Amino acid sequence: MSNEIGSDFINHSKVPKAILARQIIEQAWDLYCQLDAHGNLIYASSRFYEIMGSVPVHIEQFIEAVDVEFRLDVYKLFVHTLQTKTSSKLEFRVRGAGESNLWLECTAISLCDEKGELIEIAFALQDRTQHKNQESHLIAMAFHDPLTGLPNRRLFKEHVHQLLKLAKRTDRMFALLYVDIDDFKIINDTMGHDVGDAFLQEFVERVKSCLREFDMFARMGGDEFTILLPAVDCQEHVEGIARRIVASVEQTWEVQGHNFRSTVSMGITMYRSDHTDVTQMMKEADIALYQVKGKGRNHYRFYSHG
């Protein structure tokens, strides 16, 4: 009985089937378009115009709006659907209206006639930009220190690991510095943790000003930091950077109405061909650091091998 009522309702609907179908499609997908077998655009939803800013007349023009790294994949998606008449998905980034970057998940659907011959291809797309931004934020949180924004121990060790593999092939020198703020606990205990946090943030900016753009500065935790100098010509080059950091930190600090002085101690190790892992290099830098601590602080020392 219910089937008969449903059938009667559909038969008496005043909405043309083609219009009804497109309205349903536009509600189901953020963007939607159809192309013929030659790649010519034959229909695009109103949201397609709104999000993309303009609608291409051919698949090649749509691909021009796609980020370079994904262009070939989008073209292959179209050809694969054309040849196999099967549906498949692809996620890619495009340049939308107002030069905004959008992440889209595209489902390519083959549209065939009664004989099974492909006549059109539909691109049904969902806007995944917010999801991707949230994903990127979570990744950033997993690999960065929330207070200073610096890479954390996990990310730093991964970079050293990659640099070690590169150095094994090229024998290119690099340096690892272990940095400790002298008597940071006194700042926290006498001036409060808010001042301590603000000091750490300003400390990061001072040290960054002594480094090159491609050097890596990371926070290990508390008052301990590491620096990776991936391209250095000699030990004297590293010494120059270490001296600049020591001098920069020695300058008077003004933090939230408090005036005080601070210093740092640093242990340094240079890459050698016998280095086998990250742990070994960090241990050497740590040994050199505590040798500095034992001899008055406010200085740097290179690890002595052998």
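Computed from a predicted model, the values in this text were never measured in an experiment.

Things to note about the side chain of asparagine 188
Its location among the elements puts asparagine 188 in helix 8 (residues 184–191). The contacts of asparagine 188, once residues within four sequence positions are left out, are His193 and Gly196.

Describing empty space enclosed by the protein
Counted under the stated rule, the structure contains one cavity of 30 Å³ or more. When its volume is computed, the largest cavity comes out at roughly 40 Å³. Secondary-structure elements contributing two or more residues to the lining of the largest cavity are strand 1 (31–36) and helix 4 (59–64).

A word on the packing of aromatic side chains
Tallied over the entire structure, the rule returns 13 aromatic pairs. Relative to tyrosine 43, the ring of tyrosine 32 lies with its centre 6.2 Å away and its plane at 55°, an arrangement referred to as tilted. With tyrosine 32 in strand 1 and tyrosine 43 in strand 2 (residues 41–44), the pair connects residues that are eleven residues apart, well separated along the chain. Judged by relative accessible area, which is 5%, tyrosine 32 ranks as buried.

Some thoughts on the sheet that holds strand 3 (residues 88–95)
Here we have five strands laid out as an open sheet, ordered 2-1-5-4-3, and antiparallel in their pairing. Only two strands of the sheet have a single neighbouring strand rather than two, namely strand 2 and strand 3. Across the sheet, the axes of successive neighbouring strands diverge by a mean angle of 25°, strand direction being ignored. Note that strand 1 and strand 5 (residues 118–127) share six bridges and pair antiparallel. Across the sheet, the residue bridging to leucine 35 is isoleucine 121, located in strand 5. Across the face of the sheet, helix 5 (residues 68–84) comes into contact with strand 1, strand 3, strand 4 (101–112) and strand 5 while running at roughly 145° to strand 3.

Side note on helix 7 (residues 153–170)
In this model helix 7 runs 25 Å from its N-terminal to its C-terminal C-alpha over 18 residues, within 8% of the 26 Å that 1.5 Å per residue would give. Inspection of helix 7 places Leu155, Phe156, Val160, Leu163, Leu164 and Ala167 among the buried residues, and these make up the whole buried set. Directly beyond the C-terminal end of helix 7, a positive phi value near 60° is found at aspartate 171.

Some points on the side chain of lysine 293
Among the secondary structure elements, lysine 293 is positioned in helix 11 (residues 278–293). At 2.4 Å, the side chain of lysine 293 forms a polar contact with the side chain of aspartate 180. Contacts of lysine 293, omitting those with residues within four sequence positions, involve Asp180, Ile181, Asp182 and Ser265.

Definitions and cut-offs
- Numbering of residues starts from 1 in every chain and runs along the sequence as written.
- Only residues with pLDDT of at least 70 get local features here, since the model is predicted, and only at 80 or more are side-chain atom pairs given and counted; chain-wide, interface and lining totals rely on the full set of residues.
- For the side-chain quantities, the full set of heavy atoms in the structure was used; hydrogens and water were omitted.
- Numbered from the N terminus, helices here are DSSP runs of H or I no shorter than four residues, and strands are runs of E no shorter than two.
- When checking whether two residues touch, look at their non-hydrogen atoms; a contact exists if any pair is within 4.5 Å.
- Every definition here rests on a 1 Å grid over the protein atoms only: cavities are sets of points where a 1.4 Å probe fits but cannot get out, pockets are open sets enclosed by protein on both sides within 12 Å along at least five of seven lines, and lining residues have some atom within 4 Å of a point.
- Grid points are joined across faces, edges and corners, and a volume is the space filled by probe spheres set on the points.
- Aromatic pairs are defined between Phe, Tyr and Trp rings, using the six-membered ring for Trp, whenever the two ring centres lie within 6.5 Å; interplanar angles under 30 degrees are classed as stacked, those over 60 as edge-to-face, and all others as tilted.
- Under the scheme applied here, a residue whose accessible area is under 20% of the maximum for its type counts as buried, over 50% as exposed, and between as partly exposed, the area being computed with a 1.4 Å probe on protein chains only.
- By the convention used here, strands pair only if DSSP detects at least 2 bridges between them.
- Lines fitted to the C-alpha atoms define the axes, with helices restricted to the stretch that makes contact. Angles between their N-to-C directions range from 0 to 180 degrees.
- Helix span is expected to be 1.5 Å times the residue number reduced by one.
- Under the rule applied, a polar contact is a pair of N or O atoms within 3.5 Å (in protein, one hydrogen donor and one hydrogen acceptor; residues adjacent in sequence only if both atoms are side-chain atoms).

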